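Tertiary structure, described
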Amino acid sequence: ECLPYYAEGTVVTGFGRGSKELGIPTANFAEDVVKKLPENFHCGVYFGWAKIKSNGNVFKMTMSIGWNHYYHNQVKTMETHILHTFDEDFYGDHLKIIVLGYIRAMLNFNSLDDLIAAIKNDIAESDKKLEQPEFKKFKDDLFFKEPT
Ligand code: ADP
Ligand code: MG
């Protein structure tokens, strides 16, 4: 339906959900990027490819789209975890993503351990899916070669 979905914009500070403390940092997109999402784009966890302007490589990613509880579920967020270990944070950088597939709906977990296990599973699933030729080919998409 909406996939593949191309998005790009600035990485902003999130809501201090402490993703980094869990070992799973998520780069949050600025509000203007979130606002462009089609109405029928379902909340949940997705996989695809990502590139930041300050780094020449295209990396695998796992992304979530959800409603932020802190803002009484009025504010949607798009958070991208890139499957790469960076030396430094990249707040303010320009992030490009191509969203290719849906993994699961957003769930309420009973414990932090359950949440972390689910995210690790999402990352493994993304890693595997992106090796499939139908998804792998998007790594070389022109979108990632265009200057921003
Ligand atoms: P915030 O609540 O500000 O989003 P996080 O704990 O989610 O804080 O950390 C996100 C930040 O971590 C990103 O904006 C980025 O600058 C940095 N970062 C470092 N490595 C990664 C990565 N592999 N994937 C996503 N963000 C990363
Ligand atoms: Mg975050």
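Before reading further, recall that the structure is shown in the block above.
Residues numbered from 1 in each chain as written. Chains lettered and ligands numbered in written order. Predicted model: local features only at pLDDT ≥ 70, side-chain atom pairs only at ≥ 80, totals over all residues. Heavy atoms only, no water.

1. Some words on the site of ligand 1
If you check the shell around ligand 1, you find 19 residues, and the closest are G14, K20, N28, F90 and Y91. The backbone of F90 places a nitrogen or oxygen atom 2.7 Å from an oxygen atom of ligand 1. Y91 places a polar side-chain atom, nitrogen or oxygen, 2.7 Å from an oxygen atom of ligand 1. Against a free-state accessible area of 570 Å², the protein chains account for coverage of 94% of ligand 1. Every element with two or more residues in the shell around ligand 1 is listed here: strand 2 (27–29) and strand 5 (76–82). Looking at the shell around ligand 1, the element that brings in the most residues is strand 5, giving three residues. Classifying every residue of the shell around ligand 1 by side-chain character gives eight nonpolar, nine polar and two charged. (Near = heavy atom within 4 Å. Polar contact = N/O pair within 3.5 Å; in protein donor to acceptor, adjacent residues only side chain to side chain. Areas by Shrake-Rupley, 256 points an atom, 1.4 Å probe, with all protein chains shown as cover. Helix = DSSP H or I, 4+ residues; strand = E, 2+ residues; numbered from the N terminus. Nonpolar A, V, L, I, M, F, W, Y, C, P; charged D, E, K, R; others polar.)

2. A short note on unusual backbone geometry
Of note, the bond from L3 into P4 is cis; its omega dihedral lies within 30 degrees of zero at 0 degrees. Mapped onto the secondary structure, P4 falls in the segment before strand 1 (5–12).

3. A look at the pairing of strand 6 (residues 94–104)
Regular strands have side chains that alternate between both faces of the sheet. Along strand 6, eight of the 11 residues are buried, which leaves the element largely enclosed by surrounding structure. Of the strand pairs in this sheet, strand 1 and strand 6 are connected by six bridges, and their pairing is antiparallel. Looking at strand 6, one finds that T10 is bridged to H94. Two elements, strand 3 (residues 44–52) and strand 6, share eight bridges in a ladder whose sense is antiparallel. The partner of V45 across the bridge, within strand 6, is R104. (Buried < 20%, exposed > 50% of the residue type's maximum accessible area, 1.4 Å probe, protein only. Pairing = 2+ DSSP bridges.)

4. Describing the sheet that holds strand 2
Consider a sheet: its strands pair through backbone hydrogen bonds, and that pairing is either parallel or antiparallel. The six strands are arranged 1-2-5-4-3-6 in a closed barrel whose pairing can be described as antiparallel. Across the sheet, the mean angle from the axis of one strand to that of its neighbour is 45 degrees, orientation sign disregarded. The strands touched by helix 2 (residues 112–129) are strand 3, strand 4 (59–67), strand 5 and strand 6; relative to strand 6, the strand with the most contacts, the crossing angle is about 100 degrees. (Axes fitted to C-alpha atoms, helices over the stretch in contact; angles between N-to-C directions. Contact = heavy atoms within 4.5 Å.)

5. Description of the nonpolar core
Counting 23 residues, the largest nonpolar core has F41, M63, M78, L95, I97 and V99 as its most contacted members. Those elements that place two or more of their residues in this core are strand 1, strand 2, helix 1 (31–35), strand 3, strand 4, strand 5 and strand 6. Counting residues per element, this core draws most heavily on strand 4, which supplies four residues. Sequence-distant contacts of V99, that is, excluding residues within four places in its chain, are made with L3, P4, Y5, F41, Y46, F47, M61 and M63. (Core = buried A, V, L, I, M, F, W, Y, C linked by side-chain atoms within 4.5 Å.)

6. Description of the pattern of salt bridges
Inspection of the entire model under this criterion finds five salt bridges. Across the salt bridge formed by D127 and K60, the nearest N and O atoms sit 2.5 Å from each other. Residue D127 is located in helix 2, and its partner K60 is located in strand 4; the two are separated by 67 residues in the primary sequence. The class for K60 is buried, based on a relative accessible area of 14%. K60 is the partner of E131 in a salt bridge, and the nearest nitrogen-oxygen pair spans 2.7 Å. On the criterion of sequence distance, the pair formed by E131 in the loop between helix 2 and helix 3 (133–136) and K60 in strand 4 is long-range, its members being 71 residues apart. The class for E131 is partly exposed, based on a relative accessible area of 41%. One salt-bridge network, in which partners are shared between bridges, spans K60, D127, E131 and K136. (Salt bridge = Lys/Arg side-chain N within 4 Å of Asp/Glu carboxyl O.)

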